[in-house]
Amino acid sequence: MSNISSITHILLLPFADTQKLQLWHFWLFLGISLAALMGNGLINTSTACDQHLHTPRYFFLLNLSLLDLGCISTTVPKSMANSLWDTKDISYTGYCAAQLFFFLFFISAEYSLLTIMSYDRYVAICKPLHYGSLLGSRTCVHMAAAAWGTGFLSALLHTANTFSLPLCGGNAVEQFFCEIPHILKLSCSHSYQREVGLLVLSCLLALGCFVFIVGSYVQIFRAVLKIPSKQGRHKVFSTCLSHLAVLSLFVPTAVFAYMKPHLISSPSLDLVVSVLYSGVPPVVNPLIYSLRNQELKDAVRKLVTGCVSAAIHCLLYPRKGFHCRS
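Now for a quick tour of the structure.

1. Re the nonpolar core
Here is step 1: Ranked by size, the top nonpolar core spans 76 residues in total, and within it Ile10, Tyr92, Cys96 and Cys178 carry the most contacts.
Here is step 2: Examining the composition of this core, we find that 19 residues originate from one element, helix α3 (residues 92–126), more than from any other.
Here is step 3: The residues touching Ile10, leaving out its near neighbours within four places in the chain, are Lys88, Asp89, Ile90, Tyr92, Cys96, Asn171, Val173 and Cys178.

Listed below in structure tokens is the structure:
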């Protein structure tokens, strides 16, 4: 019987069997990473630099962008390196444990933050006169800190519990990164009940957050329907569409990844689902939030225009532009 003391490395599932297809995977993931970095970087910089965006809504959006960057930076780079160098093995108690911890940290914190953002939309639409008092700057910082703290605690408990399990099923993980369900498949049948119980508890807490989100939007829909003008209803409801779109993309795929029946589980399906909930949202979220948000689009345009103008000024007048130095 093998256990974690005798296993030092595990094998990750490659996206393709041939080196040529693995290189295509490398370039695809490189494009995804660069798109996520550029989109979330623009949102973070614009939100931090533009005084008009120093509101609770954009403060939470800034935190969401940071979590998206952290999430994609945890899983994608190692997979790209494995495809480029045609390798599959990683350190089990080293890189794999760190990857699992940080991935759970960012994913759990993001779900908590999305729950908080639904409360922000509820207060903004249903209790607009109390928005400033209910969501002051200190309150927003505390709520964001609670989301990050929840992610840290959840990641710590799951990682410590998962990597204390003895392994009996070899060292090949049918996933392109370290993920709890696939590590549990390698553990001894009599030893993973504790982690399964912890997963059930986490699912119940996640269900509570989902009920809170649904309840918030039920109240929002009721308030929107009471607005007499069609234009007014559309304008108010458009402020929620981006949040609803992000929730619709993130929650179903994440739930399916962890709760799908074993009968329909397959390596190819697991790869696709994992990419959908871990790699796609960091790329799509900036587009979703900026597509129908004129304030954010104006801030991004102002930032890009200013950077381009400064770069041109530095190239044309290098001696006069002392501020061009980094």
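So, next bit.
2. Digging into the pattern of salt bridges
Here is step 1: Under the counting rule described, the total for this entry stands at two salt bridges.
Here is step 2: Here Asp120 and Arg121 are joined by a salt bridge, their closest N and O atoms 3.0 Å apart. Neither Asp120 nor Arg121 differs from the other in exposure class; each is buried.
Here is step 3: The salt bridge involving Arg301 is made with Asp298; its shortest N-O contact spans 2.9 Å. Separated by three residues within a single helix, Arg301 and Asp298 lie in helix α11 (residues 294–316), roughly one turn from each other.
Here is step 4: Exposure remark for Arg301: the relative accessible area of 48% places this residue in the partly exposed category.

3. Section: the pairing of strand β1 (residues 9–12)
Here is step 1: What you see with β1 is a clean split: Ile10 and Leu12 sit on the buried side and His9 and Leu11 on the side with no burial.
Here is step 2: With three bridges joining them, β1 and strand β2 (residues 89–91) adopt antiparallel strand pairing. Residue Ile10 lies in a different strand from β2, and its bridge partner there is Ile90.
Here is step 3: Two strands pair when backbone bridges link them, and β1 and strand β3 (residues 172–173) are joined in this way by two bridges, in the parallel orientation. Pairing of Leu11 across the sheet is with Ala172, part of β3.

4. Some remarks on a nonpolar patch on the surface
Here is step 1: A surface patch of nonpolar side chains, amounting to about 650 Å² of accessible area, comprises Val196, Val200, Leu204, Leu207, Phe210, Val211, Val214 and Val218.
Here is step 2: If you trace the backbone, Leu204 turns up in helix α7 (residues 193–225).
Here is step 3: Of the residues examined, Leu204 reaches a relative accessible area of 53% and is grouped as exposed.

5. As for α3
Each α-helix turn comprises 3.6 residues. Residues three or four places apart therefore point the same way.
Here is step 1: With 35 residues, α3 extends 49 Å from end C-alpha to end C-alpha; this agrees with the ideal 51 Å at 1.5 Å per step.
Here is step 2: For α3, the tally of buried residues reaches 27 of 35 residues, placing the bulk of the element in the interior.
Here is step 3: Two or three places before Gly94, at the start of α3, stands the capping residue Ser91, its side-chain oxygen 3.2 Å from that residue's backbone nitrogen.

Definitions and limits used
Residues numbered from 1 in each chain as written. Predicted model: local features only at pLDDT ≥ 70, side-chain atom pairs only at ≥ 80, totals over all residues. Heavy atoms only, no water. Core = buried A, V, L, I, M, F, W, Y, C linked by side-chain atoms within 4.5 Å. Buried < 20%, exposed > 50% of the residue type's maximum accessible area, 1.4 Å probe, protein only. Helix = DSSP H or I, 4+ residues; strand = E, 2+ residues; numbered from the N terminus. Contact = heavy atoms within 4.5 Å. Salt bridge = Lys/Arg side-chain N within 4 Å of Asp/Glu carboxyl O. Pairing = 2+ DSSP bridges. Patch = residues over 30% accessible without salt bridge, like charges linked within 9 Å, V, L, I, M, F, W, Y side chains within 5 Å. Areas by Shrake-Rupley, 256 points an atom, 1.4 Å probe, with all protein chains shown as cover. Expected span 1.5 Å × (residues − 1). Polar contact = N/O pair within 3.5 Å; in protein donor to acceptor, adjacent residues only side chain to side chain.

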